[in-house]
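Residues per chain are reported as follows:
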Amino acid sequence: MKHAQIREAAAALFNDQRNPFGAFSLGSETHHAATIPDAVRRCRWIAVDINASAFGLYFVSPSPERARLVACFDSDYPSTAVATKFISGASGEDMVRHSSISTTPRWWADDGVPGSRQAFQPLAWAEPTAPLAPGTNGIALPVHADRGQCGLVVFLGSEITLSDEMLCEIHARCFALFAAVARIRPGDNTGRTRSISKRELECLKLTANGNTSEEIAKLLKLSVHTANQYLTQSTQKLNATNRNQAVAKALRLGLIE
């Protein structure tokens, strides 16, 4: 399925007669407000439909030099799964480049488990890739939204079941899910976001680009303590539980680009 076809299918799911996350709720007559906990629940439903044991939704950070995957949430929400740390690290660099220019799903399998590739090899319009997390089977679905935002919805599991027809539907639902998450604004979750200073945003953006506190301090000519303080303050103002969630929220809200 071409990119335009996937977007069209996603749009059909993302309308006033259906749930904003693309989960099939044909009887719904109202457009429900979207929140991150809602999005986690909808993603879990998709995971159940394909027999996946874990999932994650990621934004691609905006830096062309050090772009990386920033986790918005995963199946351990509000905590962060171990697999997410691999996917957000060096393992995801090639997938970042792929997601920015293509919507072709990519899958991988653990060669240590006999027959693990059989679930994915029949998929005509998906392609194999290096594992995003060691010792896992999974499929990654590139997704795009308004304002040029792009990202990835990842499903993991040793018993994932998919056909080409089902993959088209799942991908469309992931597009709708990502579009809904990208549209969430502060008032939709925890009330009005407190004003974030320019320095706090600079620290968040450098974090999104993969810089450590030490690197941020050096780049902005600050002490490491001050850099961490700015990151802590921005995390609190965004009502996030850690700096990675703060970065994901800032990307989603368009505070950093």
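Bear in mind the structure is a predicted one, so any value in this text is a computation, not a measurement.

(A) Spotlight on the nonpolar core. Membership of the largest hydrophobic core comes to 57 residues, with the highest contact counts inside it found for Leu57, Phe73, Ile139, Phe155 and Val181. For this core, the element with the most residues is helix H5 (residues 164–183), which contributes 9 residues. When sequence neighbours within four positions are dropped, the list of residues in contact with phenylalanine 73 reads Ile36, Ala39, Val40, Cys43, Phe55, Gly56, Leu57 and Val181.

(B) Layout of the environment of alanine 119. Considering the arrangement of structural elements, one finds alanine 119 in the loop between strand E3 (106–108) and strand E4 (127–128). Classification of alanine 119 by relative accessible area gives partly exposed; the value is 27%. Apart from the residues lying within four places of it in its own chain, the contact partners of alanine 119 are Ile160 and Leu162.

(C) Structural view of the side chain of aspartate 38. By the secondary structure assignment, aspartate 38 is in helix H2 (residues 36–49). Among the polar contacts listed, one links the side chain of aspartate 38 to the side chain of threonine 35, at a separation of 3.0 Å. Side-chain polar atoms of aspartate 38 contact the side chain of arginine 41, separated by 2.6 Å.

(D) Structural view of unusual backbone geometry. Here the bond from tyrosine 77 into proline 78 is cis, since omega is 10°, no more than 30 degrees from zero. Examined against the element boundaries, proline 78 turns out to sit in the loop between strand E2 (69–74) and helix H3 (82–87). Phi at asparagine 51 is positive, roughly 65°, even though this residue is not glycine. Tracing the backbone shows asparagine 51 in the loop between H2 and strand E1 (54–60). Looking at asparagine 51, the relative accessible area reads 40%, which means it is partly exposed. Phi is positive for asparagine 239, which is not a glycine, with a value near 55°.

(E) Quick look at the packing of helix H7 (residues 213–220) against helix H8 (residues 224–237). At a minimum axis distance of 8 Å, the contact between H7 and H8 shows a crossing angle of 105°. Accordingly, the angle class assigned to the pair H7 and H8 is roughly perpendicular. On H8, the residues that touch Ser213, Glu214, Ile216 and Ala217 of H7 are Val224, Ala227, Asn228 and Leu231. In terms of residue class, the contact of H7 with H8 is built from 5 nonpolar, 2 polar and 1 charged.

What counts, and where the lines are drawn
- Residues numbered from 1 in each chain as written.
- Predicted model: local features only at pLDDT ≥ 70, side-chain atom pairs only at ≥ 80, totals over all residues.
- Heavy atoms only, no water.
- Core = buried A, V, L, I, M, F, W, Y, C linked by side-chain atoms within 4.5 Å.
- Buried < 20%, exposed > 50% of the residue type's maximum accessible area, 1.4 Å probe, protein only.
- Helix = DSSP H or I, 4+ residues; strand = E, 2+ residues; numbered from the N terminus.
- Contact = heavy atoms within 4.5 Å.
- Polar contact = N/O pair within 3.5 Å; in protein donor to acceptor, adjacent residues only side chain to side chain.
- Axes fitted to C-alpha atoms, helices over the stretch in contact; angles between N-to-C directions.
- Parallel < 35°, antiparallel > 145°, perpendicular 65-115°, else oblique.
- Nonpolar A, V, L, I, M, F, W, Y, C, P; charged D, E, K, R; others polar.

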